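Observations on chain architecture
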Amino acid sequence: MKSFFKNKLIRIVSFIVVIIMSFAFVLPSLVDWAMVARIREEGLQHSKVMEYESYIVDVLGARLTLSKDMQHAQVWALDEMKKLGLSQVNSEPYMDYGVTWDNEYVSVHMMAPDYMPLNAYPVAYTSSTPGKINAEAMIVDIQTKDEMTALRGKLSGKAVLISNPAVIDLQTLTNGVHRYNSEELTALEQTAIVPIKPKPARVIANPTSITAAERIAFFKSENVAVVLQTDGNRLGIVPAYSRPGVREDGWSAAGMQNSVPILAVTPEHYNRMYRILKRGISVKIEAEIRNKIGDKVEQAMNLVGEIPGTDPKAGVVMVGAHFDTWHGSSNASDNSSGSAVALEAMRILKTLGVQPKRTIRIALWSGEEQGLYGSRAYVQKHFGDPRNASIGIKPEYELLSAYFNQDYGAGQYRGIYLQGNEAARTMLTAWMEPFRDLGMTMVSNQSLGSTDHVAFDDVGLPGFQFLQDRTPGTAGHTNLDYLEGIQPEDLMKNATIMASYIYHAAMATERVPRKAIQNSK
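Summarised in this report is the structure supplied together with it. Since we're looking at a predicted model, the values are computed, not measured.

Another point: the overall build of the protein chain. A count of helical and extended segments in the protein chain gives 15 helices and 18 strands. With 521 residues in all, the protein chain has 52% of them scored as buried. In the protein chain, once contacts between residues fewer than 6 apart in sequence are set aside, the share between residues at least 24 apart is 87%. With the model as given, the accessible surface of the protein chain reaches about 23400 Å², and the carbon-plus-sulfur share is 55%. Counting 52 positive and 55 negative side-chain charges, the protein chain places the centres of these two groups 6 Å from one another.

A separate point is the pattern of salt bridges. If the charged atoms of two oppositely charged side chains come close together, the side chains can form a pair. Inspection of the entire model under this criterion finds 25 salt bridges. The residue Lys83 makes a salt bridge to Asp79 at a minimum N-O spacing of 3.4 Å. Note that Lys83 and Asp79 are positioned in helix α4 (residues 68–83) at a spacing of four residues, about one turn of the helix. Ionic pairing is found between Lys296 and Glu298, a salt bridge with its closest N-O pair at 4.0 Å. A relative accessible area of 16% means that Glu298 is categorised as buried. Each of Arg179, Arg414, Asp469 and Asp490 takes part in salt bridges that share partners, so that together they form one network.

On to the nonpolar core, then. One finds Phe404, Trp431, Tyr501 and Ile502 to be the most contacted residues of the largest nonpolar core, which totals 69 residues. At 10 residues, the largest contribution of residues to this core is made by helix α15 (residues 488–507). Those residues in contact with Ile502, other than ones at most four positions away along the chain, are Val317, Met318, Val319, Ala345, Met346, Leu349, Ile360 and Phe404. With 24 residues, the next largest nonpolar core counts Ala137, Leu161, Leu228 and Ile276 among its residues.

Okay, the sheet that holds strand β5 (residues 133–139) next. Read from one edge of the open sheet, eight strands run β3-β2-β9-β5-β6-β7-β8-β4, paired in mixed fashion. Strands at the two margins of the open sheet, each flanked by one partner only, are β3 (116–117) and β4 (120–122). Examined bridge by bridge, β4 and strand β8 (residues 262–265) share three bridges and lie antiparallel to one another. Of the residues in β8, the one forming a bridge with Tyr121 is Ala264. Lying over the sheet, helix α10 (residues 267–278) contacts β2 (101–112), β3, β5, β6 (159–161), β7 (226–229), β8 and β9 (284–293), oriented at roughly 70 degrees with respect to β5.

Moving on: the sheet that holds strand β15 (residues 400–405). Across the sheet, which stays open at both edges, the eight strands sit in the order β1-β10-β12-β11-β15-β18-β16-β17 with mixed pairing between neighbours. Here the strands that pair on one side only, and so sit at the sheet edges, are β1 (87–98) and β17 (442–444). Between one strand axis and the next, the sheet turns by 25 degrees as a mean value, whatever way the strands run. Strand direction decides the pairing type here: β1 and strand β10 (residues 298–307), joined by eight bridges, are antiparallel. Of the residues in β10, the one forming a bridge with Asn90 is Val304.

Take the environment of Ala321 next. Within the fold, Ala321 resides in strand β11 (residues 316–322). With 15 residues separating them along the chain, Ala321 and Ser336 place their C-alpha atoms 8.6 Å apart. The contact partners of Ala321, leaving out residues within four places of it in the chain, are Asn335, Gly338, Ser339, Ala363, Leu364, Trp365, Tyr403, Asn405, Gln406 and Asp452.

Remark: helix α2 (residues 33–45) packs on α15, axes separated minimally by 9 Å, with the N-to-C direction vectors making an angle of 150 degrees. Put simply, α2 runs roughly antiparallel to α15. Where α2 crosses over α15, the two elements pack in a sense that is right-handed. Seen from α2, the contacting residues are Met35, Val36, Ile39, Arg40, Gly43 and Leu44; seen from α15, they are Met492, Lys493, Thr496, Ala499, Ser500, Tyr503 and His504. A per-class count over the contact of α2 with α15 returns seven nonpolar, four polar and two charged.

Residue alternation in β7 divides its side chains into two sets, Val226 and Leu228 and Val227 and Gln229, and both sets are buried. Examined bridge by bridge, β6 and β7 share three bridges and lie parallel to one another. Looking at β7, one finds that Leu161 is bridged to Leu228. The pairing of β7 with β8 spans three bridges and is classified as parallel.

At a minimum axis separation of 8 Å, helix α3 (residues 49–60) and helix α11 (residues 332–351) run at an interaxial angle of 140 degrees. Here α11 runs oblique to α3, going by the angle between their axes. Our pair here, α3 against α11, has a crossing hand that is right-handed. Contacts between α3 and α11 involve Val49, Tyr52, Glu53, Ile56 and Val57 from the former and Ala332, Ser336, Ser337, Ser339, Ala340, Val341, Leu343, Glu344 and Arg347 from the latter.

With that settled, the discussion passes to unusual backbone geometry. Residue Pro113 is reached from Ala112 by a cis peptide bond, and omega for that bond is 10 degrees. Along the chain, Pro113 falls in the loop between β2 and β3. In this structure, Asn335 follows Asp334 across a cis peptide bond, with omega equal to 5 degrees. The topology assignment puts Asn335 in helix α11.

To continue, consider a nonpolar patch on the surface. On the surface, Leu170, Leu173 and Leu235 cluster together into a nonpolar patch covering about 300 Å² of accessible area. Residue position: Leu170 is located in helix α6 (residues 170–175). Look at Leu170 and you get exposed, because its relative accessible area is 53%.

Another point: the packing of aromatic side chains. In this structure the tally under the stated criterion is 19 aromatic pairs. Taking the centre distance of 6.1 Å and the plane angle of 45 degrees together, the rings of Phe218 and Phe219 count as tilted. Take Phe218: its relative accessible area is 3%, and that puts it in the buried class. Here Phe404 and Tyr501 contribute two aromatic rings whose centre-to-centre distance is 5.8 Å and whose plane-to-plane angle is 70 degrees, an arrangement assigned as edge-to-face. Here the residue Phe404 occupies a position in strand β15, and Tyr501 occupies one in helix α15, the gap between them amounting to 97 residues. The rings of Phe404, Tyr413, Trp431, Phe464, Phe466 and Tyr501 are connected pair by pair, giving a single aromatic cluster. Across from the ring centre of Tyr105, 4.3 Å away, lies the NZ or CZ of Arg290, which sits over that ring. One residue, Arg514, lies across the ring of Tyr397, its end atom 5.0 Å from the ring centre.

Calculation rules
Residues numbered from 1 in each chain as written. Predicted model: local features only at pLDDT ≥ 70, side-chain atom pairs only at ≥ 80, totals over all residues. Heavy atoms only, no water. Helix = DSSP H or I, 4+ residues; strand = E, 2+ residues; numbered from the N terminus. Buried < 20%, exposed > 50% of the residue type's maximum accessible area, 1.4 Å probe, protein only. Contact = heavy atoms within 4.5 Å. Areas by Shrake-Rupley, 256 points an atom, 1.4 Å probe, with all protein chains shown as cover. Lys, Arg positive; Asp, Glu negative; His and termini not counted. Charge placed at Lys NZ, Arg CZ, Asp CG, Glu CD. Salt bridge = Lys/Arg side-chain N within 4 Å of Asp/Glu carboxyl O. Core = buried A, V, L, I, M, F, W, Y, C linked by side-chain atoms within 4.5 Å. Pairing = 2+ DSSP bridges. Axes fitted to C-alpha atoms, helices over the stretch in contact; angles between N-to-C directions. Parallel < 35°, antiparallel > 145°, perpendicular 65-115°, else oblique. Left-handed = near helix turned anticlockwise from the far one by under 90°. Nonpolar A, V, L, I, M, F, W, Y, C, P; charged D, E, K, R; others polar. Patch = residues over 30% accessible without salt bridge, like charges linked within 9 Å, V, L, I, M, F, W, Y side chains within 5 Å. Phe/Tyr/Trp six-rings, centres within 6.5 Å; stacked < 30°, edge-to-face > 60°. Lys NZ or Arg CZ within 6 Å of the ring centre and 35° of its normal.

What follows is the structure in structure tokens.
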């Protein structure tokens, strides 16, 4: 009996060894090590990624979707693609987005009981002040229609504070932001996907509650001078977002002009004014805001360019990032860094004179921050949507091998998310092997949402986002997202890895495997 179990154990161990050795043999066979060496040399020793990053951040600045600033920046990006020698360089309109909106000037001060210049930024798609205004501040907490009625006739000319005091995250302030350690990476890699998600609890709307858009409309009707709010939880940081209701009115000129001026204020400045008012002491504000609003509806654009493949029937590999940003800063991490990495990956391959089997296409999206508008429209137009009978599958659907994305800050790549696509694990793991010394070590079965690869993944196409370190200085969507928060070595590594991934996907014998489509419609 002991001999039987011993022999059986030997057979099992031998089988496992064969499987491991076979897998170890497969991985190197999927990698062009000679090309990897060339990509590494160009990407790590002759990098131009920070030239892209610096120009985008320092010269072009903030790029709110369908702002004049964004339109100017897109002209530059198209020109850069042409300078790289890419073919089929083009801007592709995807929707009548609305009118342009740009902040041209803002100056805000607390004048009494003590003078303090306020660190504040206009909320996007809001109106200007009629020149320089002086207003008395007032805390206004309106949640219901009855509370709104009680304040009628009492707010004219006031500067109203509508947020609760911000609670500062002292933990991050004290400990800083650390890169992923080995234990955290292991946990990400080994966590299994929960097969059944519980249904969210049913929420019954309170008929007396008002929406944020209704609150702003009320302030406008009451001739409020300016609205002050705070959304951040870190010292010095002002998140910059958009006016409530702007999607519903379609980014219209009327919606912008009929809004009340809204300012987002850094937490420590907002909290100080709030505490003073709670003491019963008057706070007086001086403000001047100039926002330029367009006079006609215009189309939002995506940008594309290609390294043509040698076999037109082999299909396409895509690399991309969203080029649009919020307006409170130059947005060095979110997502100037992703745009710079995508451009640099294409530059590396063009410099090396690669002739890929599949076409390699770069896309710089817009409308991502508003809800993936650009990438979703592109996917529907070019590839279709098998979940939606009115759209269906387009001929290009079968030609896409994979889309690779960078977003989620400027930290270095530590791995890649499978988006639940276990069939792609072998390929993605193999292409990672040459970069383990750069910290690229983890393949996770987890899915990541809220950025442009989701537009591909949702329709059954392989779309992937790299797992990136959170690093000090990452302050996306805020006034502090500038070049000083970028660590150049991270972007150099990312662009090198990205170039290798898209090259290998373009040269692979087979396209990247696909997973089953989740019918969500």
